[in-house]
Amino acid sequence: MDEGGNAARRLGGAGIDGLLQLAMSRPSDALAIARTVLAQNPGPHDASIAHQAAGIVLRDNGDVNEGVRELRAALRLARDTGSADREADVLGTLGVALVHAGRTASGLALFDRAIDLSNGVQVGRVLHRRGVVLWTLGRYPAALADLRQAVGVLEPAGDLLWTARALGAQGLVHMDLGYPSRADADFQAAGRLLAEMGQDLEAAHTVLNRGVAAFRLGDLPAALAFYDDVSSRYRPLSFPSATLSQARCEVLQAAGLASDALAEADTAIQEVEKAHGWSTRRAELLLTAANSALAANQPQVAIERAEAAQRSFRSQRSEWWQAQTALVLARAHQTAKPPSGRLLLAARRAADRLESLDAAEAMQAHLLAGRIAADLGRRGEAESHLAMAARSRMRGPAMSRVTGWLAEALRADAAGESRRLMAACRRGLDVLDEHRWTLGASELRALASAQGAELATLAQRRAAEMRNPRTLLAWSERWRSAALAVPPVRPPADTDFAGQLAALRQVTSRLEDARREGSATAALQREQLRLEKAVRAASLRSKGTGAPTDAAIDIPQLLDALGDTQLVEIVEVDGTLHVLVCGSGRVRQFTAGQTQDAIRSVGFARFALRRLARDRSADDVSSAAAVLQTAGPEIEEAVLGPAAAALRDGPVIVVPPGRLHTMPWAVLPSLSRRVFSVAPSASAWLRAHRAAPPDRHHVVMARGPGLVTDGAEVPPAARLYGDVTVLSGAQATAPAVLSALDGAWLGHIAAHGSFRADSPMFSSLRLHDGPLTVYDFEQLDRAPYRLVLSSCDSGVLAPVGADELLGLVSSLLPLGTAGIVAGVVPLNDRAVVPLMVALHEHLRAGQSLAEAMHEVRRQASSDPIQQGAAMSLLALGAG
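Everything quoted here is computed from the prediction, not taken from an experiment. (Residues numbered from 1 in each chain as written. Predicted model: local features only at pLDDT ≥ 70, side-chain atom pairs only at ≥ 80, totals over all residues. Heavy atoms only, no water.)

### Quick notes on the overall build of the protein chain
Definition in use: For the purposes of this entry, the term helix denotes a DSSP run of H or I that reaches at least four residues, the term strand denotes a run of E that reaches at least two, and both are numbered from the N terminus. Think of it in three bands: with a 1.4 Å probe and only protein chains considered, a residue is buried below 20% of the maximum accessible area for its type, exposed above 50%, and partly exposed in between. For this analysis, residues touch if any pair of their heavy atoms sits within 4.5 Å. Computed with a 1.4 Å probe, the accessible areas rest on the Shrake-Rupley method; for each residue, only the protein chains presented here act as cover.
Tallying secondary structure elements over the protein chain gives 41 helices and 16 strands in all. Within the protein chain, the fraction of its 879 residues that count as buried is 59%. Put simply, of all contacts in the protein chain between residues at least 6 apart along the chain, 70% involve residues at least 24 apart. When the accessible surface of the protein chain is totalled, it reaches about 33,500 Å², and 49% of it is carbon and sulfur.

Quick look at the structure:
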């Protein structure tokens, strides 16, 4: 028997009438059966059902035009049967398809005819379909009225399948009206009924919708978990994933992953176009892509996508979607062009239209109009729009409230009311902290910080203008330390996260071997990307736990903990660097240079250090040393300015902005001759300073493969300690090294380091069985008290979100590591060996990491190459 015949037996006692139900549950089977039935030249009734089932499958799988042809054939045959119910049922299905094809008026007219022909349960079914179409068109009150009436007809009649469908559609309307909790209840009820009836595809749709509800409620990890579940349900059903892509894009945007969202939206658009799919779905995806491009700072791409979406929505006569698209276009033009009266008019119209539709996005439109009016000097109009936008600060999802507090802060800023401005910024960031605490993934927490960047900037700018150093310190710490204050959370145990990491290590190791041998790598590269995607997805699904702590730093406690040490916090405000020198019971404020000047000079210094690391000729070494002599004072002038001369003798902790975190600070004249360390924030330093060392002084040393010196520093360094574990060769695997490091007093890993700018969480150290990544370090119960990483780029952190940092170092500090020595530029393997042995000699003598590194730099001053390697290593934290 052929495929269709085999599938036909699955209809059981339901006979041909069960084919329509199967079309919504197992569409591939339904299409095969329909083709088999039609090949047997059936009568009008059975042929009508077969064509209708085929039309439903084709419509829902994206081939709308072919679906319309099948449904027109079904309608002709339904009329031949003389059954009003049969004709009404097909009319309702065809009406949906015509609307999806962009023929809105024709589709809606068919529903009117279907209702006139219907009686009893059939009325409820047609009302459900029309309600779904009206929801698609953004006509929410009318949609809700149809769906409520449908449930009222279907449920008493015992039609549980169509009751479930109407409940699910009702949930969609509740969602867009701003009631996600009601929507989730509708989806759960619908999902239970559909699962009981074996409606696999429709049950999967309710899971997708629960993901949307979770997102609207602010639970991003739950939303991503629902979407991954849906993906696994759609795959065996061969169902297109455009709707899922659209939902996932919304979450990715909210998580700060705008580039990921844009790529997913564009891929989904291509798939819909290739399949000649729904014009409504294509238009919505275009709008999603426009929003993603805007968030990714690509305004021209946003304009192109939004204009294409606007043309489609206009042809569909969808007022709701046209208003949404008008807002995106106005936002994109505001980013790409100077403010103008014409742009203000567009923003004002978008706000008015969205207000009339009771859309939550009206708040964003008012905020946009208020910004433009303020830029044009129209203070009265700016105040009016910003006041409207500020209404959202007390209700709604977290990000909506954050935006409302931003509008309130902008109002206060325009009025010159400092106290009110600071209060609004504080309240907005408190809301953001509550949201970030729900996120388990370090990446999401750091990226979420971008949502409050403008609030922090407003407060920092006002504090800098007031010349109030303690206030500026408090606001800088309030912002930059928040992500690191929340410990990483492991993905759920059922994700087999450790197994995925192990598989990734194995594939990456095989890929490196293949590259060295000149073998084919395409298949291994695909598998590596697949596993990286799976690891990252599992991490993003992890939820935060507990309740948010007070993010404010206690400045008196900080000053007391510093003692004779000075903490230098560098704050970037509008491209200018402000320096806060903390110590001796006070905080002093200085104005230094421009960030871009510092970055340019740092580039020269890094270039010179890389040259020194390559065993160049004497002339090259001399040239590089000369560059460093010039670059050091230039960097110091830019980043410290007059603060350099104000430093007294004694140790220094440097807290730089994210973009300057991993510069080679030892090239600065004022730091090269003193003990210093670098920390991501003053709060992070304070936590590291308070970290208690373990009672047992156990030392772990590991050597990875491929080093020029084979980690030659490890044997002599290991001999300095009594309680020591040495792992090398086949013993130096990621699981073995992690197990040994957990809770150790000191760890030392000699291995090649790799920093991944494209995905910092995959930054790694190369061990025998493959890369040891940031994700691996986050699985530690307790990080080592001290850690030495004698490899290139192991100390590099990526600034993401708003001055947050991702990398190997940032994953260890929240877990209890007090201090780390790591390289921030490539290192000369041979030059590092004596430096590392000397470092351990000083540690064995009782010095801190910062003190030991100071001695190492001093002893290396006679050898330019060793001196360059010493300058390339930083002591991070407080150990």
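That shown, we press on.
### Description of the nonpolar core
Definition in use: Think of a nonpolar core as a cluster: buried Ala, Val, Leu, Ile, Met, Phe, Trp, Tyr and Cys residues, connected wherever their side-chain atoms sit within 4.5 Å.
One finds Leu 94, Val 133 and Leu 354 to be the most contacted residues of the largest nonpolar core, which totals 75 residues. Of all the elements, helix H18 (residues 319-336) adds the most residues to this core, at 9 residues. Residues contacting Val 133, with those up to four places away along its chain left out, are Val 96, Val 99, Leu 108 and Phe 111.

### With respect to unusual backbone geometry
The backbone of Ser 584 shows a phi angle near 55 degrees, a positive value even though the residue is not glycine. On the secondary structure map, Ser 584 appears in the loop between strand S2 (576-583) and strand S3 (586-594).

### Observations concerning the packing of aromatic side chains
Put simply, the rule reads: Classification of ring pairs rests on two measures: the distance between centres of Phe, Tyr or Trp rings, Trp counted by its six-membered ring, which must be within 6.5 Å, and the angle between planes, read as stacked under 30 degrees, edge-to-face over 60 and tilted in between. Placement of a charge over a ring requires the Lys NZ or Arg CZ to be within 6 Å of the ring centre, with the centre-to-atom vector within 35 degrees of the ring normal.
All told, the structure shown has 3 aromatic pairs when counted by the stated rule. Judged by centre distance (5.5 Å) and plane angle (10 degrees), the ring pair of Phe 313 and Trp 321 falls under stacked. With a relative accessible area of 0%, Phe 313 lands in the buried category. With a centroid separation of 6.5 Å and an interplanar angle of 70 degrees, the aromatic rings of Tyr 721 and Trp 745 are classed as edge-to-face. Of this pair, Tyr 721 sits in the loop between helix H35 (714-718) and strand S7 (724-727) while Trp 745 sits in the loop between helix H36 (734-741) and strand S8 (746-750); the two residues are 24 residues apart in sequence, bridging distant segments of the chain. Its end group placed over the ring of Trp 162, Arg 165 keeps NZ or CZ at 4.5 Å from the ring centre. Over the aromatic face of Trp 405 sits the side chain of Arg 393, whose NZ or CZ is 5.3 Å from the ring centroid.

### Brief notes about helix H10 (residues 160-176)
Helical geometry: 3.6 residues make up each α-helical turn, so side chains three or four residues apart lie on a common side. Spelled out, the test is: Expected span of a helix: the number of residues minus one, times 1.5 Å.
Taking 1.5 Å per residue, 17 residues should reach 24 Å; H10 reaches 25 Å between its end C-alpha atoms and fits that length. With respect to burial, H10 is a largely interior element, 15 of its 17 residues being buried. With its phi angle positive at about 95 degrees, Gly 178 sits one or two positions after the end of H10.

### Structural notes on the sheet that holds strand S9 (residues 753-754)
Within a sheet, each strand pairs with its neighbour through backbone hydrogen bonds, oriented either parallel or antiparallel. Formally: By the convention used here, strands pair only if DSSP detects at least 2 bridges between them. Convention adopted: a line fitted to C-alpha atoms gives each axis, helices being fitted over their contacting stretch, and angles between N-to-C directions are expressed from 0 to 180 degrees.
Strands sit in the order S9-S10-S11 across an open sheet of 3 strands; the sheet is antiparallel. Edge positions in the sheet fall to S9 and strand S11 (770-773), since each has one partner strand and no second. Sheet topology places strand S10 (residues 764-767) next to S11; 4 bridges connect them, and they run antiparallel. Across the sheet, Leu 765 pairs through a bridge with Leu 772, a residue of S11. Packed onto the sheet, helix H27 (residues 497-517) meets S10 and S11 and runs at close to 135 degrees relative to S11.

### Considering the packing of H10 against helix H11 (residues 180-196)
Let me state the cut-off plainly: Any angle that is under 35 degrees is reported as roughly parallel, and any over 145 degrees as roughly antiparallel; angles of 65 to 115 degrees are reported as roughly perpendicular and all others as oblique. We call a crossing left-handed when the near helix sits turned anticlockwise from the far one by less than a right angle, and right-handed when that turn is clockwise. Each residue gets one of three labels, nonpolar for Ala, Val, Leu, Ile, Met, Phe, Trp, Tyr, Cys and Pro, charged for Asp, Glu, Lys and Arg, and polar for the others, Gly among them.
At a minimum axis separation of 8 Å, H10 and H11 run at an interaxial angle of 160 degrees. As summarised for this structure, H10 and H11 are arranged roughly antiparallel, according to the angle between their axes. Where H10 crosses over H11, the two elements pack in a sense that is left-handed. Taking contact as the criterion, the partners of Leu 160, Leu 161, Ala 164, Leu 167, Gly 168, Gln 170, Gly 171, Leu 172, His 174 and Met 175 in H10 are, on H11, Pro 180, Arg 182, Ala 183, Asp 186, Phe 187, Ala 189, Ala 190, Leu 193 and Leu 194. In terms of residue class, the contact of H10 with H11 is built from 13 nonpolar, 4 polar and 2 charged.

### Considering the packing of helix H6 (residues 84-100) against helix H8 (residues 121-136)
H8 packs onto H6 with a crossing angle of 5 degrees between their chain directions and a minimal axis gap of 10 Å. On the basis of the axis angle, H6 is roughly parallel to H8. Counting all contacts with H6, which are made through Asp 85, Ala 88, Asp 89, Gly 92, Thr 93, Val 96, Val 99 and His 100, the residues of H8 involved are Gln 122, Val 126, Arg 129, Val 133 and Thr 136. Its residues assigned to classes, the contact of H6 with H8 comprises 5 nonpolar, 5 polar and 3 charged.

### Here's the deal with the side chain of Glu 202
Among the secondary structure elements, Glu 202 is positioned in helix H12 (residues 200-216). By relative accessible area, which is 6% here, Glu 202 ends up buried. In contact with Glu 202, not counting residues within four places along its chain, are Met 24, Leu 161, Arg 165 and Leu 194.

### A few points about the confidence of the model for the protein chain
The predicted coordinates should not be examined in detail at positions where pLDDT is low. To keep things clear, this is the line we draw: For every residue, the pLDDT score states the predictor's confidence, bounded by 0 at the bottom and 100 at the top.
On average, residues of the protein chain score 84 in pLDDT, and 89% of them reach the 70 mark or higher. Below pLDDT 50 for its whole length, residues 1-10 participates in 13 contacts with residues either more than four positions away or in separate chains. When the criterion is pLDDT under 50, residues 793-806 qualifies, and its contacts beyond four places in sequence or with other chains add up to 75 contacts.

### Describing the pairing of S2
Along S2, 8 of the 8 residues are buried, which leaves the element largely enclosed by surrounding structure. Going residue by residue along S2, you find Thr 576, His 578, Leu 580 and Cys 582 tucked away on one face and Leu 577, Val 579, Val 581 and Gly 583 tucked away on the opposite face as well. Once strand S1 (residues 566-573) ends, the chain turns through 2 residues before running back antiparallel as S2, passing Asp 574 with a positive phi of about 55 degrees. Pairing of S2 with S3 involves 7 bridges; the strand directions are antiparallel. If you follow His 578 over to S3, its bridge partner there is Thr 591. What sits between the antiparallel neighbours S2 and S3 is a turn of 2 residues, in which Ser 584 has the positive phi angle 55 degrees.

### Some words on the pattern of salt bridges
Rules: Salt bridge, as applied in this entry: a Lys or Arg side-chain nitrogen positioned within 4 Å of an Asp or Glu carboxyl oxygen.
Per the stated rule, a full pass over the model turns up 34 salt bridges. Between Arg 461 and Asp 574 there is a salt bridge, and its shortest N-O distance comes to 2.7 Å. Note that Arg 461 is positioned in helix H25 (residues 453-466) and Asp 574 in the loop between S1 and S2, a separation of 113 residues in sequence. Relative accessible area serves as the criterion here: at 27%, Arg 461 is assigned to the partly exposed category. By relative accessible area, which is 52% here, Asp 574 ends up exposed. One salt bridge in this structure joins Arg 505 and Asp 769, with 3.5 Å as the shortest N-O distance. In this pair, Arg 505 sits in helix H27 while Asp 769 sits in the loop between S10 and S11, placing the two residues 264 residues apart along the sequence. A residue is classified by how much of its surface remains accessible, and Arg 505, at 6% relative accessible area, is buried. Here the residues in one salt-bridge network are Glu 383, Arg 393, Glu 408, Arg 411, Glu 417 and Arg 420, joined through shared partners.

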